[in-house]
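Examining the three-dimensional arrangement
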Amino acid sequence: MSSILLLTSSPRADSLSTPIAVDLAEKLKNQKPGSVVVRRDLAANPLPHIDDLFTGAIRKPAEARTAEEIAAVKISDELVAELFAADTIVISTGLINFNIYSSLKTWIDNIARAGVTFKYTESGPVGLVAGKKVYVVLASGGVYSQGPAAPLNHAVPYLKSVLGFLGITDVETIYVEGLAFGPEAAEKAIDAAKSRVQEIALAA
């Protein structure tokens, strides 16, 4: 059975990254009968930030953790299990202050765990999460996929770097950009993103 992990992170009621990501996940599901979509709405249900208790707990073998430490890593363990179970991951975020939403960053902090999703070796770190396809839906008021503002787009390079560190290198970005350039530009951007979603679904 195929599993699609859907991560939405926009706190905006009028978000455009969210519905396009949801549409993509549903279309991918429909292409493969029996598939399931596991959704994490990181804005509506924010994850706990990691703290000293958490960072201490994950450095211990599971059997050596106290009851308090087990509770501290419970959600992280669930998130890691969802990540490993997924064949496809759909991530949506707006570009805020040139990067991703903090709710999505917190998800990353919870799943990036040494000895679990990556490991250190004598020849360098090795990702332990492989064989997955990731689609990133990125919405922005300006144009950051190319042109003079492209160097300010830290969201995509960051996501590719951290996912690559975990062993996930097949990452495609669907841009919904130029939304602040007027209704016509916004409509064009939305239509282009929807067309790409349809192409991806048909090719799945």
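Residues numbered from 1 in each chain as written. Predicted model: local features only at pLDDT ≥ 70, side-chain atom pairs only at ≥ 80, totals over all residues. Heavy atoms only, no water.

This part takes up the sheet that holds strand E2 (residues 36-41). In sheet architecture, strand pairing relies on hydrogen bonds along the backbone and comes in two forms, parallel and antiparallel. With parallel pairing, five strands are arranged side by side in an open sheet as E2-E1-E3-E6-E7. Each end of this open sheet is capped by a strand with a single partner; those strands are E2 and strand E7 (170-176). With direction set aside, neighbouring strand axes in the sheet form an average angle of 15 degrees. Sheet analysis places strand E1 (residues 3-8) next to strand E3 (residues 88-94), joined by five bridges and oriented parallel. Across the sheet, residue Leu7 finds its bridge partner in E3, namely Ile91. Along the sheet, helix H1 (residues 17-31) contacts E1, E2, E3, strand E6 (133-139) and E7; its crossing angle with E3, the most-contacted strand, is approximately 170 degrees. (Pairing = 2+ DSSP bridges. Helix = DSSP H or I, 4+ residues; strand = E, 2+ residues; numbered from the N terminus. Axes fitted to C-alpha atoms, helices over the stretch in contact; angles between N-to-C directions. Contact = heavy atoms within 4.5 Å.)

Helix H5 (residues 155-165) packs onto helix H4 (residues 102-111) with a crossing angle of 15 degrees between their chain directions and a minimal axis gap of 12 Å. One finds that H4 runs roughly parallel with respect to H5. Judged by the twist between their axes, the crossing of H4 over H5 is left-handed. On H5, the residues that touch Leu104, Lys105 and Ile108 of H4 are Tyr158, Leu159 and Val162. Across the contact of H4 with H5, the residue classes break down as five nonpolar, no polar and one charged. (Parallel < 35°, antiparallel > 145°, perpendicular 65-115°, else oblique. Left-handed = near helix turned anticlockwise from the far one by under 90°. Nonpolar A, V, L, I, M, F, W, Y, C, P; charged D, E, K, R; others polar.)

Moving on to the nonpolar core. Ile89, Ile91, Trp107 and Val134 are the most contacted members of the largest nonpolar core, which totals 31 residues. Within the residue set of this core, elements represented by two or more residues are E1, helix H3 (67-85), E3, H4, E6 and H5. Looking at this core element by element, the count peaks at five residues for H5. Among all residues touching Ile91, those that are not within four sequence positions of it are Leu7, Leu104, Val134, Tyr135, Val136, Val137 and Leu163. Counting residues in hydrophobic clusters, the runner-up holds 17 residues, among them Ile4, Leu24, Tyr135 and Val176. (Core = buried A, V, L, I, M, F, W, Y, C linked by side-chain atoms within 4.5 Å. Buried < 20%, exposed > 50% of the residue type's maximum accessible area, 1.4 Å probe, protein only.)

By the secondary structure assignment, Ile20 is in helix H1. Each C-alpha atom, one on Ile20 and one on Ser92, is 8.3 Å from the other, the two residues being 72 residues apart in sequence. Apart from the residues within four sequence positions on either side, Ile20 is in contact with Val137, Val176, Ala193 and Val197.

A separate point is the side chain of Lys132. Tracing the backbone shows Lys132 in the loop between strand E5 (124-127) and E6. A polar atom in the side chain of Lys132 sits 2.9 Å from the backbone oxygen of Phe84. Reaching out from Lys132, the side chain makes a polar contact with the backbone oxygen of Ala86 at a distance of 2.6 Å. Residue contacts for Lys132: discarding those within four places in its chain leaves Leu83, Phe84, Ala86, Asp87, Ile89, Ile168 and Asp170. (Polar contact = N/O pair within 3.5 Å; in protein donor to acceptor, adjacent residues only side chain to side chain.)

Here Ser140 shows up in the loop between E6 and H5. A residue is classified by how much of its surface remains accessible, and Ser140, at 4% relative accessible area, is buried. Side-chain polar atoms of Ser140 contact the backbone oxygen of Gly142, separated by 2.8 Å. Among all residues touching Ser140, those that are not within four sequence positions of it are Leu95, Val176, Glu177, Gly178 and Leu179.

Moving on, we come to the pairing of E7. Burial analysis of E7 places five of its seven residues in the buried class, which makes it a mostly covered element. With seven bridges connecting them, E6 and E7 associate as parallel partners. Within E7, the residue paired with Val136 across the bridge is Thr173.

Here, the residues flagged by UniProt with the feature "binding site: FMN" (unreviewed entry) are Ser10, Ser15, Leu16 and Ser17. With respect to the element layout, Ser15 can be found in the loop between E1 and H1. Along the polypeptide, Leu16 turns up in the loop between E1 and H1. Excluding residues that lie within four positions of it along the chain, Leu16 makes contacts with Leu179 and Ile190. (UniProt positions renumbered as here; feature names shortened; annotations may be inferred.)

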